[in-house]
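Chains, contacts and geometry: an overview
The chain contents come next:
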Amino acid sequence: MKKAANSKPRSHRWLGQLVLILAIFMVLHWWRSEPLASGDAPALTGDLAGGGRFDLDGLQGKPVLVHFWATWCPVCRFGDDTIAAIAEDFNVITVAIQSGGAAEIMGHLSRASLSFPVIPDSDGVLATAWGVSGVPASFVLDGSGRIRFATVGYTTGIGLRGRLWAAGMLD
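Definitions and limits used
- Residues numbered from 1 in each chain as written.
- Predicted model: local features only at pLDDT ≥ 70, side-chain atom pairs only at ≥ 80, totals over all residues.
- Heavy atoms only, no water.
- Helix = DSSP H or I, 4+ residues; strand = E, 2+ residues; numbered from the N terminus.
- Buried < 20%, exposed > 50% of the residue type's maximum accessible area, 1.4 Å probe, protein only.
- Lys, Arg positive; Asp, Glu negative; His and termini not counted.
- Salt bridge = Lys/Arg side-chain N within 4 Å of Asp/Glu carboxyl O.
- Contact = heavy atoms within 4.5 Å.
- Phe/Tyr/Trp six-rings, centres within 6.5 Å; stacked < 30°, edge-to-face > 60°.
- Patch = residues over 30% accessible without salt bridge, like charges linked within 9 Å, V, L, I, M, F, W, Y side chains within 5 Å.
- Areas by Shrake-Rupley, 256 points an atom, 1.4 Å probe, with all protein chains shown as cover.
- Polar contact = N/O pair within 3.5 Å; in protein donor to acceptor, adjacent residues only side chain to side chain.

Let's shift gears to the side chain of aspartate 80. Take aspartate 80: it is sitting in helix H2 (residues 74-87). Buried charge without a partner: aspartate 80 forms no salt bridge, and the closest opposite charge is arginine 77, 6.5 Å away. The contacts of aspartate 80, once residues within four sequence positions are left out, are Trp69, His108, Leu114 and Phe116.

Right, dumping it as structure tokens:
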């Protein structure tokens, strides 16, 4: 049986399909990220679930990861260890959306053996101010408090670290 002269090799079909899938992924990513805050970071202050008070203005001069998540979010749980590891090397503040009060959030962190600073956002006020409508959502700020990168959905540790490094270089 002879191959038709016009038929494309299988590798070309796969490549075309891969390009189409990547294009769809990029459009969906852009669409989900569109409402996120940009430019100068909105105010971010609040009581930490583990005690104490947080004010984003106190971290001026260094890159910061602001990470919105929820205890009930399976994708967030998949990336929790990554956020905890990054918090050991960079300035990180997380905001737990609609995840209960401080006791519930600290219980979640304890059960998962996690340690990173968390501001409870039980009513979603902070999430709204930052344009977050889905979690996880991550913002990388430069040292002057300007949002340099924003994304919704799972992001790899190396991707977040790279963005933090770039934000430090852009400042």
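Let's shift gears to the packing of aromatic side chains. Counted according to the given criterion, the structure contains five aromatic pairs. When the ring of phenylalanine 68 is compared with that of phenylalanine 139, the centres are 5.8 Å apart and the planes differ by 75°; the resulting orientation is edge-to-face. Here phenylalanine 68 is found in strand E4 (residues 64-69), whereas its partner phenylalanine 139 is found in strand E7 (residues 137-141), with 71 residues between them in sequence. An identical accessibility class is assigned to phenylalanine 68 and phenylalanine 139; each is buried. Taken together, a centroid distance of 5.8 Å and an interplanar angle of 85° make the contact between tryptophan 69 and phenylalanine 116 edge-to-face. On the criterion of sequence distance, the pair formed by tryptophan 69 in strand E4 and phenylalanine 116 in the loop between helix H3 (102-111) and strand E6 (118-121) is long-range, its members being 47 residues apart. For phenylalanine 116, a relative accessible area of 8% gives the class buried.

On the surface, a nonpolar cluster with roughly 280 Å² of combined accessible area is contributed by Leu15, Leu18 and Val19. Relative to the elements of secondary structure, leucine 18 occurs in helix H1 (residues 10-33).

Let us look at the environment of tyrosine 154. Relative to the helices and strands, tyrosine 154 is located in the loop between strand E8 (146-152) and helix H5 (157-170). Residues tyrosine 154 and glycine 79, 75 residues apart in the sequence, show an inter-C-alpha distance of 6.8 Å.

Right, let's talk about the side chain of histidine 67 for a bit. Examined against the element boundaries, histidine 67 turns out to sit in strand E4. For histidine 67, a relative accessible area of 6% gives the class buried. Polar contacts involving the side chain of histidine 67 include one to the side chain of serine 138, which spans 2.8 Å. For histidine 67, the contacting residues outside a window of four places in its chain are Ile83, Ile93, Thr94, Val95, Pro136, Ala137 and Ser138.

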